[in-house]
Every structure is written in structure tokens, then in C-alpha cells.
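Here is what each chain is made of, one letter per residue.
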Amino acid sequence: MQDLLIYNTLTRQKELFKPLHAPHVGMYVCGPTVYGDAHLGHARPAITFDVLFRYLTHLGYKVRYVRNITDVGHLEHDADEGEDKIAKKARLEQKEPMEVAQYYTNRFRNAMAALNVLPPSIEPQASGHIIEQINFVKKILEAGYAYESQGSIYFDVRKFNKDFHYGKLSGRNIDELLATTRELDGQDEKHCSLDFALWKKAQPEHIMRWPSPWSDGFPGWHMECSAMGTKYLGESFDIHGGGMDLIFPHHECEIAQSTAALGHETVKYWIHNNMITINGQKMGKSYNNFITLDEFFNGTHEKLERAYSPMTIRFFILQAHYRSTVDFSNDALQAAEKGFARLVDAYNRLQKITPSASSTVDVKGLRERCEEAMCDDLNTPIVISNLFDATKAINSVTDGKATISKEDLDELKQTFEVFVKDILGLRVEESNNTQDKAYKGAVDLLLEIRKQAKTNKDWATSDKIRDELANLGFSVKDTKDGFEWSL
Ligand code: ZN
């Protein structure tokens, strides 16, 4: 098996990936809170960990990939205060909370399928694991790192920090944290402002509630990932992932919970993708730039000049390394769209090439270079630039300017199959969809009429067809065999 180097947020360095029980790999990634449509912020972790899932599988590992659905316990103010996000949406829409959760779970799965993100091996829901969460809280209480206060259970951060290190993942320490958080006013249930809820007693108006030894209530947000991760992957597992925004407090609290309950850490490699900005701005409610994936696919958000296909979004995300920031803009997306179209074109040309006796193009070592880039902390932009180099060779062969041997051609085809389709997960085949076929047929027909018009020296008709197609966004190129067009 190839040596894979992966950056571990916990140690702040690239490490050789060595699973605890090879060839089995356990991977847990924090999934969406299902109270609204998936937006661009969901696409990046989904695609990043999809590529990691695909690549580990390609290397021969048997991966159990768990990605949860948060359908309870994520409160409005992200800390321990406010209405449950799903319950609030249900109240506004006069629905059952589980109706809201199901609706947005379905929509999330559809958006992921459009992006060609493979479904995880297990997709557990927080609301389906209340008993496991209660048991996890009990363990923390028994170990002495939590306390009860008016029916709620809080994690005792200061006590934990005496025995372990709270803040190791995010690189913070408790004194700094204490200096920057608000003082408690004496009315609080918590003993210290850094403490966080493991179980919350439900207020009378709170509809999502379950019985527990302490009160009718609901689990704290961080609890579900500790409980479900260890349930499905064991008390020690290989990978825990998510967006960088989850490092603190969510993942920091998960480490504290698991260490307090079990006496040791559970995760070997913490992996985080960087964030997305839109026109240089952070995504946020106040900027009106939470563009949903559907709005991208349909072009219906005011900040979008037009629609962008799911594969354009996927390609755009993969053009950046997962630990770099990515800035979305119409210009950048349109550039990605062109780049992706070139790759699709090369893939489809490649299928039609007839090999010659020998090669005048050099495509040797392409597969190794792609493999090397992936093994260096999943460097997808380098893989893409290697594929673009091969695109030039493919085009010169199909343009009749170069030749390729059968051996080289087979190698090239294999590399494209494996890297473009299996690992990067890009859909590049010409569609078999009848609608697509009809649309392509119609454009071809128009261009045939234009060719006829040119033969007849009917320049008015020929120019009209060319200009009108250009207005619709088509680019038409005359070639020695007739014409080529693209959108
Ligand atoms: Zn989580």
C-alpha cells in the first residue's frame, strides 16, 4: 500500500497514515443540522471527505464512514442557549420537528447526490441515539467531570483541565479562554462560563424532549458525536473530520467528553477543511450570502450571474487544496466551468482515439505523479494540473499533430478513469439522458443548416445562426471536418 501523508490538526503536522486495525479504517465526519437547505458551506466538507473516502478505498482500505444527521440539540446561539433550531423551524412552519428534519435530510441527500458525493456507510440521527447519549453522560458523571444543576448536566471544564488539557486541539488554554468569556451573573446554572451542557432540562414550551434520570430534556449538541462515533467505530478510531469552524468549541468539547468518559482520547487523526468566502466575505446571515446549493444549480440567488452545474461546483472546490481558503465569485466559477469543460472534452476525445505504432507524445509517469500528489495530504490541485498536461497531449493526438501507442493510450485511459472518475468523483461521460440528447441534436441540426447555408453562399442565414447561438452562450468553431461547439 502507498504511504499516505495526512495533516493532523491535533499534532499540527503531516503524519504517515497508519490505521489502528488495517485494512479497516473508521472515519467520522460531522454532518448537517437539518433545519434548512444545504448551502455552499456544506459542500466543502462533504466533497473533501468524499475524496478522502474514495482515496482510502482506492488504496485498498475498507472504510466505515459515519456521517451524522443533527436533528436535535443544536440551539440557536450555538452555545447552551436559545431555541432548538429544528423546533424553531417547525414552529414557524407549523410542522412536527421530525417532519422538518426529514424534509431537509431528503433535500441534503439529493444535493449530495447531485455533487456526486457518495453516501456514507452509516448516517445516524442524533434523535435516534438518545439512550446512548444519556449513557455517555452517566459515564462522565461517574468519572467526576460533570455536575447536575437544576435538572441539567454540565461538563466541568476546570476540573477536567486539572487532569487533562482542555484546548489542545484548538491551541487554546483555559486562562486565555476565561479572560475572554463573560462573567457569570450568579443566576447561571453553570459553575463556570466555560462549562457546557451535556443534558439540558427542557423548558415547558420546548417540544423536543426525552425522559432521563435528571429531567425531561434533550442532549447538548456536542454529545451526539461522542456517543455515535464510539458506538459505530469503537472507543478508539482513526479519523474524525469536519470544517475548521467546528474545531472550537464542538470538537474540543468532543475530545473533553470522550476523554472524561473513557479515560483516553478516541481519535487518532483530526482532519479539517478550510472555509469558503464569497466575494472575499465570510459567509454569514448579515451578508446575505448563504447561497444554497439549489440556488447555485438553478442560478436563482441575486449574487449569481447564472446557474452553475453541480460538477462545476465540485471541480471548483477540488481546484483548491482542502486546507486553503476558497473564494467564490462569478468570475472564478466561470473559469472553473471552462477548465472542467476542457477536461470533459479531453475525456471524451480520449475514448475515440485510435492508437498508432508509436507515441510522439510523452504521457509516461502521469499516473505516478497523480498518485504522489494524492499521497501528499490529498493535493487535488496538483492532480488536476497533471491531468491538464495530459489534456494537451490528447488534443494534439486528436488534432492529428501527434500519435500515441496502444500501451500509452491504455495507460492514459486507465489514469483518467481512476483519477477523474473514481477519486476526484467528477462526472465526465457524455450524458445518456434523453433531454440532453435532444438538446445536442437540435444544436447539431442548426449547425448543419448553417453549413449548408455557407455552401450555398447564403451568408445572411449562416451569420444569423452563428450570432444567435453566440448570444445564447454557445461557442462555435469551424474545423476541417465540419464544426465543433460548446456551451
Ligand atoms: Zn460533530
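All of these numbers come straight from a predicted model, not from anything done at the bench. (Residues numbered from 1 in each chain as written. Predicted model: local features only at pLDDT ≥ 70, side-chain atom pairs only at ≥ 80, totals over all residues. Heavy atoms only, no water.)

(A) Local environment of the pairing of strand 7 (residues 197-201). Within strand 7, four of the five residues are buried, which leaves it mostly tucked inside the rest of the structure. Pairing between strand 6 (residues 152-155) and strand 7: two bridges, direction antiparallel. Counted as the bridge partner of Tyr154 is Ala197 from strand 7. (Buried < 20%, exposed > 50% of the residue type's maximum accessible area, 1.4 Å probe, protein only. Helix = DSSP H or I, 4+ residues; strand = E, 2+ residues; numbered from the N terminus. Pairing = 2+ DSSP bridges.)

(B) Expanded view of the coordination of the zinc ion. The protein atoms that coordinate the zinc ion are Cys30 (SG), Cys225 (SG) and His250 (NE2), at distances of 2.0 to 2.2 Å. In primary sequence terms, the donor set of the zinc ion follows C-x194-C-x24-H. Taken together, the residues span a long stretch of sequence, with Cys225 in helix 7 (residues 223-233) and His250 in helix 8 (residues 247-262) at a distance of 25 residues. Both residues of the pair, Cys225 and His250, count as buried. (Donors = N, O, S within 2.8 Å, 3.2 Å for Na, K, Ca; no water.)

(C) Quick look at the sheet that holds strand 3 (residues 24-29). Read across the sheet, four strands follow the order 4-3-9-10 without closing on themselves; strand pairing throughout is parallel. What marks the edges here is a single partner per strand, and that holds for strand 4 (62-67) and strand 10 (267-273). Averaged over all neighbouring strand pairs, the angle between strand axes comes to 20°, with direction disregarded. Relative to strand 10, strand 9 (residues 237-243) runs parallel, the two sharing six bridges. Residue pairing for strand 10: His240 is matched across the bridge by Trp270. Of the strands in this sheet, strand 3, strand 4, strand 9 and strand 10 touch helix 1 (residues 40-58), which is tilted by about 130° from strand 10. (Axes fitted to C-alpha atoms, helices over the stretch in contact; angles between N-to-C directions. Contact = heavy atoms within 4.5 Å.)

(D) Local environment of the pattern of salt bridges. A complete count under the given rule lists 22 salt bridges for this structure. Between Arg107 and Asp37 there is a salt bridge, with its nearest N and O atoms 2.7 Å apart. In this pair, Arg107 is assigned in helix 3 (residues 97-114) and Asp37 in the loop between strand 3 and helix 1, connecting sequence segments 70 residues apart. Its relative accessible area of 27% is what places Arg107 among the partly exposed residues. Between Arg466 and Asp463 there is a salt bridge, and its shortest N-O distance comes to 3.9 Å. You can see Arg466 and its partner Asp463 sitting in helix 16 (residues 459-471), three residues apart, about one turn around the helix. One salt-bridge network, held together by shared partners, links Asp37, Arg107 and Asp294. (Salt bridge = Lys/Arg side-chain N within 4 Å of Asp/Glu carboxyl O.)

(E) Summary view of the sheet that holds strand 12 (residues 281-282). Taken in spatial order, the three strands of this open sheet run 12-11-13, and their pairing is mixed. For this open sheet the edge positions go to strand 12 and strand 13 (326-328), each flanked by a neighbour on one side alone. Bridge analysis of strand 11 (residues 276-278) against strand 13 gives three bridges, and the strand direction is parallel. Bridge assignment links Ile276 to a residue of strand 13, and that residue is Val326.

(F) Seen up close, the domain arrangement of the protein. For the protein, the assigned domains read domain 1 (5-273), domain 2 (278-423) and domain 3 (434-486). On a C-alpha basis, the centroid separation for the pair domain 1 and domain 3 is 55 Å. (Domains from an automatic or database assignment.)

(G) Looking closely at the environment of Lys159. Inspection of the secondary structure puts Lys159 in helix 5 (residues 157-163). Look at Lys159 and you get partly exposed, because its relative accessible area is 35%. C-alpha separation for the pair Lys159 and Gly144, spaced 15 residues apart in sequence, amounts to 8.5 Å. Discounting residues that sit within four places of it in the chain, Lys159 has contacts with Gly144 and Tyr145.

(H) Geometry of helix 15 (residues 434-455). When the terminal C-alpha atoms of helix 15 are compared, their 31 Å separation across 22 residues agrees well with the 32 Å that a helix rising 1.5 Å per residue should span. The complete set of buried residues in helix 15 reads Val443, Leu447, Arg450 and Ala453. Looking straight down helix 15, one finds that the buried residues subtend no more than 110° of arc, so they occupy a single side. In helix 15, the exposed positions that point more than 90 degrees away from the buried face belong to Thr434, Lys437, Leu445 and Thr455. For helix 15, the secondary structure elements touched by its buried residues are helix 16, strand 14 (475-479) and strand 15 (482-486). Within two residues after helix 15, Lys457 carries a phi angle of roughly 55°, on the positive side. (Expected span 1.5 Å × (residues − 1). Arc of directions from axis to C-beta.)

(I) Inspection of the packing of helix 12 (residues 366-375) against helix 13 (residues 380-398) at higher detail. Running from N to C, helix 12 and helix 13 cross one another at 165°; their axes reach a closest spacing of 8 Å. What the angle tells us is that helix 12 and helix 13 run roughly antiparallel. In terms of crossing hand, the pair formed by helix 12 and helix 13 is right-handed. Contacts between helix 12 and helix 13 involve Leu366, Arg369, Cys370, Ala373 and Met374 on the former and, on the latter, Thr380, Ile382, Val383, Asn386, Leu387 and Ala390. Residue classes in the contact of helix 12 with helix 13 are distributed as eight nonpolar, two polar and one charged. (Parallel < 35°, antiparallel > 145°, perpendicular 65-115°, else oblique. Left-handed = near helix turned anticlockwise from the far one by under 90°. Nonpolar A, V, L, I, M, F, W, Y, C, P; charged D, E, K, R; others polar.)

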